[in-house]
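The primary structure of each chain is shown beneath.
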Amino acid sequence: MPGQSLPHFTKGEVVKGFGRGSKDLGIPTANFPQDVVNNLPDGLDTGVYYGFGQVDGGQVHGMVMSIGWNPFYKNSKKSMETHLMHKFESDFYGKELRVVILGYLRPEQNFPGLDALIAAIDDDIKQARTRLEMPDLAGFRTNEFFKLQPH
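Please read all numbers here as calculations on a predicted model, not as lab measurements. (Residues numbered from 1 in each chain as written. Predicted model: local features only at pLDDT ≥ 70, side-chain atom pairs only at ≥ 80, totals over all residues. Heavy atoms only, no water.)

**So, the side chain of Ser79**
Right, so step 1: Here Ser79 is to be found in strand E5 (residues 79–84).
Right, so step 2: Polar contacts involving the side chain of Ser79 include one to the side chain of Glu81, which spans 3.1 Å. (Helix = DSSP H or I, 4+ residues; strand = E, 2+ residues; numbered from the N terminus. Polar contact = N/O pair within 3.5 Å; in protein donor to acceptor, adjacent residues only side chain to side chain.)

**Focus: the sheet that holds strand E2 (residues 30–31)**
Right, so step 1: The antiparallel open sheet is built from 6 strands, whose spatial order is E1-E6-E3-E4-E5-E2. Both outer strands of the open sheet, strand E1 (8–13) and E2, are each paired with one neighbouring strand and no more.
Right, so step 2: Where E2 lies against E5, 2 bridges are found, and the strand directions are antiparallel. From the neighbouring strand, Ala30 faces E5, where its bridge partner is Thr82.
Right, so step 3: Its contacts with the sheet place helix H3 (residues 114–132) against strand E3 (47–55), strand E4 (60–68), E5 and strand E6 (96–106), and it is angled at close to 100° to E6. (Pairing = 2+ DSSP bridges. Contact = heavy atoms within 4.5 Å. Axes fitted to C-alpha atoms, helices over the stretch in contact; angles between N-to-C directions.)

**Thoughts on the nonpolar core**
Within soluble globular proteins, side chains that are nonpolar generally end up buried alongside one another.
Right, so step 1: Ranked by internal contacts, the top residues of the largest apolar core, which has 21 residues, are Tyr50, Phe52 and Leu102.
Right, so step 2: Looking at this core, the element that brings in the most residues is H3, giving 6 residues.
Right, so step 3: With 19 residues, the next largest nonpolar core counts Leu6, Val37, Met63 and Ile101 among its residues. (Core = buried A, V, L, I, M, F, W, Y, C linked by side-chain atoms within 4.5 Å. Buried < 20%, exposed > 50% of the residue type's maximum accessible area, 1.4 Å probe, protein only.)

**A word on H3**
Right, so step 1: Over its 19 residues, H3 extends 27 Å from the first C-alpha to the last, a length consistent with the 27 Å expected when each residue adds 1.5 Å.
Right, so step 2: For H3, the full list of buried residues reads Leu117, Ala120, Ile121, Asp124, Ile125, Ala128 and Leu132. Projection of H3 onto a plane perpendicular to its axis shows the buried side chains occupying an angular sector of 145°, all on one side. Turned more than 90 degrees away from the buried face of H3 sit Asp115, Lys126 and Thr130, all of them exposed. (Expected span 1.5 Å × (residues − 1). Arc of directions from axis to C-beta.)

Spelled out as structure tokens, the structure:
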């Protein structure tokens, strides 16, 4: 079953991805380095997940994350692309990103075009917002993991 290894806490330095999140989709994403991706639990299937994230010890925000090869773009390397549900004034390459992955939304899939992909991501964000308001998950926002000093 997808997400059987949850919750999953992880952290790493934000690295440059493909540059498509902001440019193509209008939905900026933060990418983890390959060693973080390679250390995902075996039970974590590819797909779209939700949870909470934090940059460099700042405020904790809801997030959605794509884990996998992104069939629409035909990636050759597995990636973890995190969209924090907050408008940031600048990028945060080189900063520490901490996330707790709490639940599974859907499997990876291909889309007939960019508009369909954007619509699916917008729906993922709406679903994540709703689920993260559930009392059993809201407490993760204040988890000790997010109170530790960066690095």
